[in-house]
Amino acid sequence: SQELEQSPQSLIVQEGKNLTINCTSSKTLYGLYWYKQKYGEGLIFLMMLQKGGEEKSHEKITAKLDEKKQQSSLHITASQPSHAGIYLCGADGTGTASKLTFGTGTRLQVTL
Amino acid sequence: DAGITQSPRHKVTETGTPVTLRCHQTENHRYMYWYRQDPGHGLRLIHYSYGVKDTDKGEVSDGYSVSRSKTEDFLLTLESATSSQTSVYFCATTTGGTLPNGYTFGSGTRLTVV
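Below is a summary of the structure that appears in this document. (Residues numbered from 1 in each chain as written. Chains lettered and ligands numbered in written order. Predicted model: local features only at pLDDT ≥ 70, side-chain atom pairs only at ≥ 80, totals over all residues. Heavy atoms only, no water.)

## Looking at the pattern of salt bridges
Residues and elements named next belong to chain A.
(1) Moving on: Scanning the model with the defined rule gives six salt bridges over all chains in all.
(2) Moving on: The salt bridge involving E55 is made with K64; its shortest N-O contact spans 3.9 Å.
(3) Moving on: E55 sits in the partly exposed class, given a relative accessible area of 47%.
(4) Moving on: With a relative accessible area of 40%, K64 lands in the partly exposed category. (Salt bridge = Lys/Arg side-chain N within 4 Å of Asp/Glu carboxyl O. Buried < 20%, exposed > 50% of the residue type's maximum accessible area, 1.4 Å probe, protein only.)

Here's what the structure looks like:
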């Protein structure tokens, strides 16, 4: 079965600092999804990567998928308190997106 | 997300009692999922459905059953609740295929088994 490892498990950064979260798969990915979760709420879709070497950005968040399609990184530039939450990566290992496997999540705190 | 409603949002139940959680969607999505979220484990798939009356097990299905009699409703039943089933349960839906937007998630049900 697909296994995803996220690192770090938790992160505390000062407002304005940059940070990176990593997601590593044990198998080649057909698709990699990034989600954000605020405490007590559901998951909000951030972006999806499919092609090796692909990079997508939304506001101050950039996600990349490596050429081998086994590792993805999520980079936040100039962090803000609104970025705080839990970030999860989800992997499509079948090519149909019919059953996503999720990583354990990275808890991000942004201090003033 | 307004398209997916989970009920109840919170529930406390006693060990040994049956519990049913409901997921209702207005998205007309074919696929529906039940996940549980626990510290250190992330999201783990319990059961999923790929159409009315078509369901399959996920990685942590023991002690759970599901039913889908209509496209819009997916029920998760804990046949005899145990303390290990204390968790936050999330429902998700998708139309299937490699979508640019992935899954849509409900707001979750926090279940405590005492």
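## Quick notes on the state of the cysteines
Any covalent bond linking the sulfur atoms of two cysteines counts as a disulfide.
Residue and element names in this part refer to chain A.
(1) Moving on: Tallied over the entire structure, the rule returns two disulfides over all chains.
(2) Moving on: With its sulfur 2.1 Å from that of its partner, C23 forms a disulfide with C89. The S-S bond linking C23 to C89 shows a torsion near 80°; that makes this disulfide right-handed. Taken as a pair, C23 in strand 3 (residues 19-25) and C89 in strand 9 (residues 85-92) lie far apart in primary sequence, 66 residues in all. (Disulfide = S-S within 2.5 Å. Helix = DSSP H or I, 4+ residues; strand = E, 2+ residues; numbered from the N terminus.)

## Description of the layout of surface pockets
(1) Moving on: In this model, the largest pocket occupies a volume close to 580 Å³.
(2) Moving on: Lining the largest pocket are 24 residues; nearest its centre among them are I86 and R107 of chain A together with Q37, D38 and P39 of chain B.
(3) Moving on: Going through the elements one at a time, strand 4 (31-38), strand 9 (87-94) and strand 11 (109-113) of chain B are the ones with two or more residues in the lining of the largest pocket.
(4) Moving on: Residue composition of the lining of the largest pocket, by class: five nonpolar, 13 polar and six charged. (1 Å grid on protein atoms, 1.4 Å probe; cavity = no way out; pocket = protein on both sides within 12 Å on 5 of 7 lines; lining within 4 Å. Points joined across faces, edges and corners; volume = space filled by probe spheres on them. Nonpolar A, V, L, I, M, F, W, Y, C, P; charged D, E, K, R; others polar.)

## Some details on the sheet that holds strand 8 (residues 71-76) of chain A
Residues and elements named next belong to chain A.
(1) Moving on: Spatial strand order, 1-3-8-7-6: five strands in an open sheet with antiparallel pairing. In this open sheet, the two strands that pair with only one neighbour each are strand 1 (4-7) and strand 6 (55-58). Recorded for the sheet is a direction-independent mean angle of 15° between the axes of neighbouring strands.
(2) Moving on: Across four bridges, the pairing between strand 6 and strand 7 (residues 61-65) is antiparallel. Bridging across to strand 7, H58 finds its partner in I61. (Pairing = 2+ DSSP bridges. Axes fitted to C-alpha atoms, helices over the stretch in contact; angles between N-to-C directions.)

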